[in-house]
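# Structure at a glance
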Amino acid sequence: MQWGNALETIFDWVSVAIFAGLIVLFLQRSSEAEPKDHLWQYLAASVGCAVGNYIGNEGYDIWATITLIFVLVFIWIVLRPHEGWKKD
């Protein structure tokens, strides 16, 4: 694979979508007066996206799928994006 290629595999698209969601969540949370998240939590999820994408591009589809599912579970449990859905 050479630099500059377009998004080619499903793992490219899924990892970019997860990463975009992380960016939105980070920007939303960083505007709070007292953030409850730590930067390392976003770093761990981002590295997980990159690893899952790499593994998938190397042809290990099952392991890549498991890795990306683990990243989503990590985001759901640790970063808790669903807490913002509560209505007062």
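As shown above, the structure is provided for reference.
Attention in this report is confined to the structure presented alongside it. Every chain begins its residue count from 1, and numbering advances along the sequence as written. In keeping with the model being predicted, local features are shown solely for residues with a pLDDT of at least 70 and side-chain atom pairs are shown and tallied solely at 80 or more, while totals for entire chains, interfaces and linings include all residues. Hydrogen atoms and water are omitted, and side-chain values are computed over all heavy atoms in the structure.

### Describing the overall build of the protein chain
Our working definition: Strands here are runs of E lasting at least two residues and helices are runs of H or I lasting at least four, both read from the DSSP assignment and numbered beginning at the N terminus. Think of it in three bands: residues with accessible area under 20% of the maximum for their type are buried, residues over 50% are exposed, and the middle band is partly exposed, with areas taken using a 1.4 Å probe on protein chains only. Contacts were defined at the residue level, with two residues in contact if any of their heavy atoms lie within 4.5 Å.
A tally of helices and strands in the protein chain yields three helices and zero strands. The proportion of buried residues among the 88 residues of the protein chain is 27%. Of the contacts formed within the protein chain by residues at least 6 apart in sequence, a portion of 61% connects residues at least 24 apart.

### A look at the packing of aromatic side chains
What counts here: Two rings belonging to Phe, Tyr or Trp (six-membered ring only in the last case) form a pair when the distance between their centres is within 6.5 Å. Interplanar angles under 30 degrees mark stacking, angles over 60 mark edge-to-face geometry, and anything in between is tilted.
As enumerated under the stated definition, the model contains one aromatic pair in all. The interplanar angle of 75° and the centroid separation of 5.1 Å between the aromatic rings of Phe26 and Tyr42 together place this pair among those described as edge-to-face. Within this pair, whereas Phe26 is found in helix α1 (residues 10–30), its partner Tyr42 is found in helix α2 (residues 39–57), the two being separated by 16 residues in sequence.

### Things to note about the nonpolar core
Soluble globular proteins tend to bury their nonpolar side chains together. Here is the rule we go by: What makes a nonpolar core is a set of buried Ala, Val, Leu, Ile, Met, Phe, Trp, Tyr and Cys residues whose side-chain atoms join them at distances within 4.5 Å.
Ranked by size, the top nonpolar core spans 14 residues in total, and within it Ile18, Leu22, Tyr42, Ala45, Val71, Ile75 and Leu79 carry the most contacts. A per-element tally of this core places helix α3 (residues 61–79) first, with six residues. Residue contacts for Ala45: discarding those within four places in its chain leaves Leu22, Val71, Phe74 and Ile75.

### Topic: the side chain of Arg29
Quick note on the threshold: Polar contact is the term for a pair of N or O atoms within 3.5 Å; when the atoms are in protein, one must be able to donate a hydrogen and the other to accept it, and sequence-neighboring residues count only if both atoms are side-chain atoms.
Mapped onto the elements of the fold, Arg29 is located in helix α1. Its relative accessible area of 7% is what places Arg29 among the buried residues. At 2.6 Å, the side chain of Arg29 and the backbone oxygen of Arg80 are in polar contact. Setting aside residues no more than four positions away along its own chain, Arg29 makes contact with Pro35, Lys36, Asp37, Tyr42, Leu79, Arg80 and Pro81.

### Thoughts on the packing of α1 against α3
This is how it is decided: Axis definition: a line fitted to C-alpha atoms, limited for helices to the stretch in contact. Angles are taken between N-to-C directions and run from 0 to 180 degrees. Angular relationships are summarised with four words: roughly parallel below 35 degrees, roughly antiparallel beyond 145, roughly perpendicular across 65 to 115, and oblique for the angles in between. We call a crossing left-handed when the near helix sits turned anticlockwise from the far one by less than a right angle, and right-handed when that turn is clockwise. Residues were grouped as follows: Ala, Val, Leu, Ile, Met, Phe, Trp, Tyr, Cys and Pro as nonpolar; Asp, Glu, Lys and Arg as charged; and all remaining residues, including Gly, as polar.
Direction vectors running N to C along α1 and α3 enclose 15°, while the axes themselves pass 11 Å from each other. Accordingly, the angle class assigned to the pair α1 and α3 is roughly parallel. Between α1 and α3 the crossing geometry is left-handed. Contact residues: Phe11, Val14, Ser15, Ile18, Leu22, Leu25 and Arg29 in α1; Asp61, Ala64, Thr65, Leu68, Val71, Leu72, Ile75 and Leu79 in α3. Its residues assigned to classes, the contact of α1 with α3 comprises eleven nonpolar, two polar and two charged.

### Let's talk about α2
Within an α-helix, residues lying three or four positions from one another point in the same direction, as the helix has 3.6 residues per turn. Here is the rule we go by: Expected helix span is computed as 1.5 Å times (number of residues minus one). An arc is given here, and it is the one of the directions from the helix axis to the C-beta atoms.
Between the first and last C-alpha of α2 there are 27 Å, a value that for 19 residues agrees with the 27 Å anticipated at 1.5 Å per step. Turning to α2, its buried residues are Gln41, Tyr42, Ala45, Gly48, Cys49, Gly52, Asn53, Ile55 and Gly56. Buried residues in α2, looked at end-on, bunch into an arc of 165°, giving them a common side. Exposed residues lying more than 90 degrees from the buried face of α2 are Leu39, Trp40, Leu43 and Tyr54. Summarising the contacts, the buried residues of α2 are in contact with α1 and α3. A positive backbone phi angle near 100° is found at Gly59, which sits one or two residues after α2.

Just geometry here; none of it tells us what the structure is for.
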